[in-house]
Amino acid sequence: MINDTKVRQPVFIVGAPHSGTDLLARALKRSPGFHLTVGRSALLRTTYAFARRPSIATDSERGAARVLRDAYAEAWRITPQGCATCSPECRDLGGVPESAVADGTALCVKPHTVHRFADASPDLLYSADVLFDAFPDAQFLQVIRDGRDVVADMLDDENCLAWFKPGFVNLDEVFPNPFLGVDDPVDRIRWPQAGLAVKCALRWRGSVRLSARLRAQTPEEQLLTIRYEDLVAHPRKIAAEVSSYLGAPVSRTSLSGLVRAGDHDPDGVGRWQDRLSGKQVTQVERIAGRELARLGYRLGRRPSLLA
């Protein structure tokens, strides 16, 4: 129970970094009846612990699910104090001004209007198994994007690159390492000398492998996979599909406006050709070419159109 509302069919938005999950998060945040959170600190500590050391979740069995349920019980509480401790990104999604945080009146949604809960915290994909244990009726929205565009965006994101610093890398303790995408002894040996594009490509490759496993293990009514390229090209169509899947209205106009107003315009698809060097493209395709081809992306320095 959250603010006297029973949690039923919570929605989790998952995908690799810079895959476009933020678009769906904003649209859901602006949809009536939903309370969506992003990056609450206590929750992030839990999910990153599971992501970076999967044995924590597997060894504790049902205990991990209880920990995650408790974390969400706190994250989803709707109070001015709770909203004040939200991440800036979450407050931005909800349109909460800093002045409201300062005077203690911050609320991104009215508690009595909420009947569905959702979360789009980064790297939730690595906690998917535990989320299903904690919420057996959960629904997942999964976003897939061309790995070369993902790598191009990751290379411009200091938060993403920070995970590759020696102080954060835990390959000596965790191997195979789903979070870093390193599951091959050869990649493990090459990691210290690998370029950033290679490391970003490994993270993307690892995430889409997890996505494929999630798709194979999840009932159809509990997982909807969306291509980023379809999302930005046909936002109103995707909004209709998401609405049908969730059994709740998601504004077509809202999602379309978000695509056109931000950096997620259709012309941005395939921008890796301008942003990655020839060497970086070769590195990414050598690391993740099989996954790119399986997902229908054409290899080589030409338009990133779906096959």
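Owing to the predicted nature of the structure, the values given are computational and were not obtained by experimental measurement.

What counts and what doesn't
- Residues numbered from 1 in each chain as written.
- Predicted model: local features only at pLDDT ≥ 70, side-chain atom pairs only at ≥ 80, totals over all residues.
- Heavy atoms only, no water.
- Helix = DSSP H or I, 4+ residues; strand = E, 2+ residues; numbered from the N terminus.
- Buried < 20%, exposed > 50% of the residue type's maximum accessible area, 1.4 Å probe, protein only.
- Contact = heavy atoms within 4.5 Å.
- Areas by Shrake-Rupley, 256 points an atom, 1.4 Å probe, with all protein chains shown as cover.
- Core = buried A, V, L, I, M, F, W, Y, C linked by side-chain atoms within 4.5 Å.
- Salt bridge = Lys/Arg side-chain N within 4 Å of Asp/Glu carboxyl O.
- Phe/Tyr/Trp six-rings, centres within 6.5 Å; stacked < 30°, edge-to-face > 60°.
- Pairing = 2+ DSSP bridges.
- Axes fitted to C-alpha atoms, helices over the stretch in contact; angles between N-to-C directions.
- pLDDT = per-residue confidence, 0-100.
- Expected span 1.5 Å × (residues − 1).
- Arc of directions from axis to C-beta.

A. Structural detail: the overall build of the protein. Along the backbone of the protein there are 17 helices and five strands. The buried share of the protein, taken over its 307 residues, is 55%. Nonlocal contacts in the protein, meaning residues at least 24 apart in sequence, comprise 75% of its contacts between residues at least 6 apart. For the protein, the exposed surface amounts to about 14100 Å²; the carbon and sulfur share of it is 51%.

B. Representation of the nonpolar core. Core analysis: the largest hydrophobic core is formed by 65 residues, its most contacted members being Phe12, Tyr72, Trp76, Phe135, Phe140, Trp204 and Leu214. Per element, the largest residue contribution to this core is nine residues, and it comes from helix 12 (residues 196-217). Sequence-distant contacts of Leu214, defined by excluding residues within four places in its chain, comprise Val14, Leu125, Ala128, Phe132, Phe140, Gln142 and Leu223. Listed in part, the 29 residues of the second largest apolar core include Ala27, Val232, Val250 and Leu258.

C. Spotlight on the pattern of salt bridges. One pass over the full model with this rule turns up 15 salt bridges. Across the pair Arg148 and Glu285 runs a salt bridge whose closest N-O atoms are separated by 2.8 Å. Taken together, the positions of Arg148 in helix 9 (residues 147-154) and Glu285 in helix 17 (residues 278-294) put the pair 137 residues apart, joining distant regions of the chain. The two residues Arg148 and Glu285 agree in class, both being buried. Of the charged contacts in the structure, one is a salt bridge between Arg275 and Asp153, with a shortest N-O distance of 2.6 Å. Taken together, the positions of Arg275 in helix 16 (residues 272-275) and Asp153 in helix 9 put the pair 122 residues apart, joining distant regions of the chain. The class for Asp153 is buried, based on a relative accessible area of 17%. Here the salt bridges do not stand alone but share partners, grouping Asp183, Asp187, Arg205, Arg209 and Glu291 into one network.

D. Region of interest: unusual backbone geometry. Pro176 follows Phe175 through a cis peptide bond whose omega is -5 degrees. In this fold, Pro176 is placed in the loop between helix 10 (158-162) and helix 11 (185-190). Phi at Gln9 takes a positive value of approximately 45 degrees, unusual for a residue other than glycine. By the secondary structure assignment, Gln9 is in the segment before strand 1 (11-15). At His18, a position not held by glycine, the phi torsion is positive, near 60 degrees. Within the element layout of this structure, His18 appears in the loop between strand 1 and helix 1 (21-29). Take His18: its relative accessible area is 30%, and that puts it in the partly exposed class.

E. Region of interest: the packing of aromatic side chains. Going through the model one piece at a time under the given rule, you end up with 15 aromatic pairs. Taken together, a centroid distance of 5.9 Å and an interplanar angle of 75 degrees make the contact between Tyr72 and Phe135 edge-to-face. Highlighted residues: Tyr72 in helix 4 (residues 62-75) and Phe135 in the loop between helix 8 (128-134) and strand 4 (139-144), separated in sequence by 63 residues. For the pair Tyr72 and Phe135, a shared accessibility class is recorded, and that class is buried.

F. Region of interest: the environment of Arg77. By the element assignment, Arg77 lies in the loop between helix 4 and helix 5 (80-84). Once the C-alpha coordinates of Arg77 and Met1 are considered, the two residues, 76 residues apart in sequence, prove to be 9.4 Å apart.

G. Seen up close, the sheet that holds strand 3 (residues 116-119). Read from one edge to the other, the open sheet built from five strands follows the order 2-3-1-4-5, with strand pairing classed as parallel. Edge strands, defined here as strands with exactly one partner in the open sheet, are strand 2 (34-37) and strand 5 (223-227). Shown here is a sheet whose adjacent strand axes are inclined to one another by a mean of 20 degrees, direction ignored. For strand 2 and strand 3, the ladder comprises four bridges, and the chain directions are parallel. Within the sheet, the bridge partner assigned to His35 lies in strand 3 and is Phe117.

H. Expanded view of the confidence of the model for the protein. On average, the protein scores 87 in pLDDT, and the residues at 70 or more come to 84%. Note on residues 302-307: pLDDT under 50 across the span, and 20 contacts to partners over four residues away in sequence or across chains.

I. Looking closely at helix 14 (residues 235-246). For helix 14, which comprises twelve residues, the first-to-last C-alpha distance of 16 Å matches the rise-based estimate of 16 Å (1.5 Å per residue) to within 8%. Every buried residue belonging to helix 14 is among Pro235, Ile238, Ala239, Val242, Ser243, Tyr245 and Leu246, and all of these are buried. On an axial view of helix 14, the arc spanned by its buried residues comes to 165 degrees, and they lie on one face. Trailing helix 14 by a residue or two, Gly247 shows a phi angle of about 70 degrees, which is positive.

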